Amino acid sequence: MPVYLYWGEDDFAIAQAVAKLQNKVLDPNWLQFNYHQLPGDRPEMIIEGLNQVMTPVFGLGERLVWLVDTNLCQHKPNADILHELERTLKVISETSHLLLTTTKKPDGRLASTKLLGKYAVVKDFSLIPPWKTDLIAAQVQQVAQTVKLKLTPKAIELLTESVGNNTRQLWNELEKLKIYWGDNQQPLDEKAVAQLVLCSTQNSLQLAAAIKNGKTNEALGLITDLSNRNEPALKIVATLVGQFRTWTIVKLMQQSGNRDSQAIATAAGINNPNRLYFINQEIQNTSSQQLLATLPMLLELEYSLKSGGAALTVLQTKIIELCLIFSHLNSPSRQGL
């Protein structure tokens with residue numbers, strides 16, 4: 001079916017998929033006749049795109065019409081657009097291709113989304129949540145295999161910590177490491193990663209660990225580093241919420257006497273139950289009361305940022321308060337409570 005709907009926040013992965021499709025169907029000598037890129041959030045441009053995809057191919061290759069940042073799957077289209085969409089999808093030629101991209105998840109309740117679900121190849125390009133390190137590690141391995149670079153387990157672990165879910169940076173770093181390693185047949189180790197990968201010690205997961213350990217100065221330093229790297233404040237908070245949520249659920253279920261690793265992993269949103277061993281190590285010196293106390297505070301932090309507060313100042317203030325939860329409750333005077 002020559003219709004494609006690519007959606008998700010991973011703009012780099014979408015760009016790669018679009019380039020692959022372009023190379024597959026278009027003849028570079030006939031681009032000006034057979035390739036059309038149109039804004040997909042304007043009704044008249046959507047109609048124009050649907051008309052273009054019905055135009056016979058001119059010259060060699062095939063035709064590709066790309067509706068960029070379309071809102072067809074987020075807002076109810078008017079009757080004319082819906083009618084034109086249905087009419088076009090039913091009769092589109094095998095040599096013409098209609099591509100729609102959007103960063104937002106399609107609304108499955110809309111008739112336009114249902115139509116595209118029926119006729120289109122739908123691909124999800126959502127970013128991996130930063131706290132799902134097992135999935136990020138798998139992505140590191142997959143991209144490394146694509147660029148034909150062997151990595152040691154420690155190198156994979158360090159890249160996972162350093163790059164996180166940033167697909168663009170992952171590709172850039174692995175291609176750089178590939179050039180550095182050359183024709184060496186041995187797996188590249190963590191020493192090379194530490195030398196060549198930028199900011200290999202600063203990320204939001206390390207910030208969560210610093211908070212959990214009550215290390216205020218380290219946490220504030222990490223916040224400054226993340227800010228200097230232009231890491232979005234809300235993205236930092238999303239990572240913290242996910243990590244502390246995971247820690248809290250695991251701690252509470254274990255305290256309740258649950259020893260079923262699969263059940264605990266499912267409840268905490270952990271794909272690999274083997275990861276529980278490492279999570280247990282991370283939270284063995286914390287209490288459920290401490291972990292529970294962080295969640296409303298993180299919600300306050302998110303609200304303050306969305307209300308327009310100065311990002312760095314708000315983050316620094318709340319990070320200090322979060323660290324105090326652990327340093328205060330870990331103090332000798334509180335050990336008996």
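See the structure shown above.
These numbers come from a predicted model, not from an experiment.

How each quantity is defined
- Residues numbered from 1 in each chain as written.
- Predicted model: local features only at pLDDT ≥ 70, side-chain atom pairs only at ≥ 80, totals over all residues.
- Heavy atoms only, no water.
- Helix = DSSP H or I, 4+ residues; strand = E, 2+ residues; numbered from the N terminus.
- Buried < 20%, exposed > 50% of the residue type's maximum accessible area, 1.4 Å probe, protein only.
- Pairing = 2+ DSSP bridges.
- Axes fitted to C-alpha atoms, helices over the stretch in contact; angles between N-to-C directions.
- Lys, Arg positive; Asp, Glu negative; His and termini not counted.
- Salt bridge = Lys/Arg side-chain N within 4 Å of Asp/Glu carboxyl O.
- Polar contact = N/O pair within 3.5 Å; in protein donor to acceptor, adjacent residues only side chain to side chain.
- Contact = heavy atoms within 4.5 Å.
- Phe/Tyr/Trp six-rings, centres within 6.5 Å; stacked < 30°, edge-to-face > 60°.
- Lys NZ or Arg CZ within 6 Å of the ring centre and 35° of its normal.
- Right-handed = clockwise from strand over helix to strand, strands pointing away.
- Core = buried A, V, L, I, M, F, W, Y, C linked by side-chain atoms within 4.5 Å.

**Q** Give a description of the environment of Leu299 that names residues and reports values.
**A** Along the chain, Leu299 turns up in helix H15 (residues 288-306). Residues Leu299 and Ala238, 61 residues apart in the sequence, show an inter-C-alpha distance of 9.9 Å.

**Q** Would you mind going over unusual backbone geometry in detail, with residue names and values included?
**A** A positive phi is found at Asp69, a non-glycine position, where the angle reads about 50°. A positive phi angle, near 60°, is found at Lys148, a position not held by glycine. The exposure class of Lys148 is exposed, given its relative accessible area of 65%.

**Q** Outline the sheet that holds strand S1 (residues 3-7), listing residues and values.
**A** The 5 strands lie next to each other as S2-S3-S4-S1-S5, forming an open sheet whose pairing is parallel. At either margin of the open sheet sits one strand with a lone partner, and together these are strand S2 (35-39) and strand S5 (121-124). The average angle at which neighbouring strand axes cross in this sheet is 15°, direction not considered. Across 5 bridges, S1 lies against strand S4 (residues 96-102) in parallel orientation. Each residue of the ladder has a partner; that of Tyr6, found in S4, is Thr101.

**Q** Give me the side chain of Lys212: which residues, what numbers.
**A** Of note, Lys212 is situated in helix H10 (residues 204-212). Among buried charged residues, Lys212 stands out as having no salt bridge; its nearest opposite-charge side chain is Glu282, 6.4 Å away. Only 3.1 Å separates the side chain of Lys212 from the side chain of Asn213, close enough to count as a polar contact. If we ignore the near neighbours within four places in the chain, the residues touching Lys212 are Phe244, Trp247, Glu282, Ile283, Thr286 and Phe326.

**Q** If you had to explain the packing of aromatic side chains to someone new, which residues and values would you point to?
**A** Scanning the entire structure with this criterion turns up 9 aromatic pairs. Residues Phe244 and Trp247 carry aromatic rings whose centres are separated by 5.1 Å and whose planes lie at 90° to one another, so their mutual orientation is edge-to-face. With Phe244 and Trp247 both in helix H12 (residues 233-255) and 3 residues apart, this pair spans about one turn of that helix. Residues Phe244 and Trp247 agree in their burial class; the two are buried. An aromatic cluster is present here, built from Tyr4, Tyr6 and Phe125 joined pairwise through their rings. Over the aromatic face of Trp247 sits the side chain of Lys212, whose NZ or CZ is 5.4 Å from the ring centroid.

**Q** Tell me about the environment of Leu115, and please be specific about residues and values.
**A** Topologically, Leu115 is positioned in helix H5 (residues 111-119). On the basis of relative accessibility, which here comes to 12%, the residue Leu115 falls in the buried class. Expressed as a C-alpha distance, the spacing of Leu115 and Gly214, which sit 99 residues apart in the sequence, is 52 Å. Residues within four places of Leu115 in sequence aside, it is in contact with Leu82, Leu85, Glu86 and Leu89.

**Q** How would you sum up the pairing of S4? Please name residues and give values.
**A** Counting buried positions along S4 gives 7 out of 7 residues, so the element sits mostly inside the fold. Burial of the side chains of S4 extends over both faces: Ser96, Leu98, Leu100 and Thr102 are buried on one face and His97, Leu99 and Thr101 on the other. Inspection of the sheet shows strand S3 (residues 63-68) paired to S4 by 5 bridges, in the parallel sense. When the sheet's bridge partners are listed, Arg63 is paired in S4 with Ser96. The parallel pair S3 and S4, bridged by helix H4 (residues 79-91), forms a crossover whose chirality is right-handed.

**Q** So what's going on with the nonpolar core? Which residues, and what values?
**A** Nonpolar side chains in soluble globular proteins tend to end up buried together. Judged by nonpolar contacts, the single largest core of 36 residues is most densely connected at Leu207, Ile211, Leu240, Phe244, Val250, Leu315 and Ile319. Going through the elements one at a time, H10, helix H11 (216-228), H12, helix H13 (261-268), helix H14 (276-283), H15 and helix H16 (311-329) are the ones with two or more residues in this core. By residue number, the principal contributor to this core is H12, which donates 9 residues. Val250 has contacts with Ile264, Ala268, Ile270, Leu276, Ile279, Asn280 and Ile283, leaving out every residue within four places of it along the chain. Listed in part, the 22 residues of the second largest apolar core include Phe12, Ala137, Val143 and Val193.

**Q** Which residues make up the pairing of S2, and what are the values?
**A** Of the two faces of S2, the one holding His36 and Leu38 is buried and the one holding Tyr35, Gln37 and Pro39 is not buried anywhere. Across 5 bridges, the pairing between S2 and S3 is parallel. Directly across from Leu38, in S3, lies its bridge partner Leu67. Handedness of the crossover joining S2 and S3 through helix H3 (residues 43-53): right-handed.

**Q** Pulling in residues and values, what's your account of the pattern of salt bridges?
**A** Under the criterion given, the structure shown has 10 salt bridges. Among the ionic pairs, Asp11 bridges to Arg168, the shortest N-O distance being 3.8 Å. Remark: Arg168 occurs in helix H8 (residues 167-181) and Asp11 occurs in helix H1 (residues 11-25); sequence separation between them is 157 residues. Among the residues examined, Asp11 registers a relative accessible area of 49% and is labelled partly exposed. With a closest N to O distance of 2.9 Å, Arg109 and Asp107 form a salt bridge. Judged by its relative accessible area of 70%, Arg109 is exposed. Connected through shared salt-bridge partners, Glu300, Lys318 and Glu321 make up one network.

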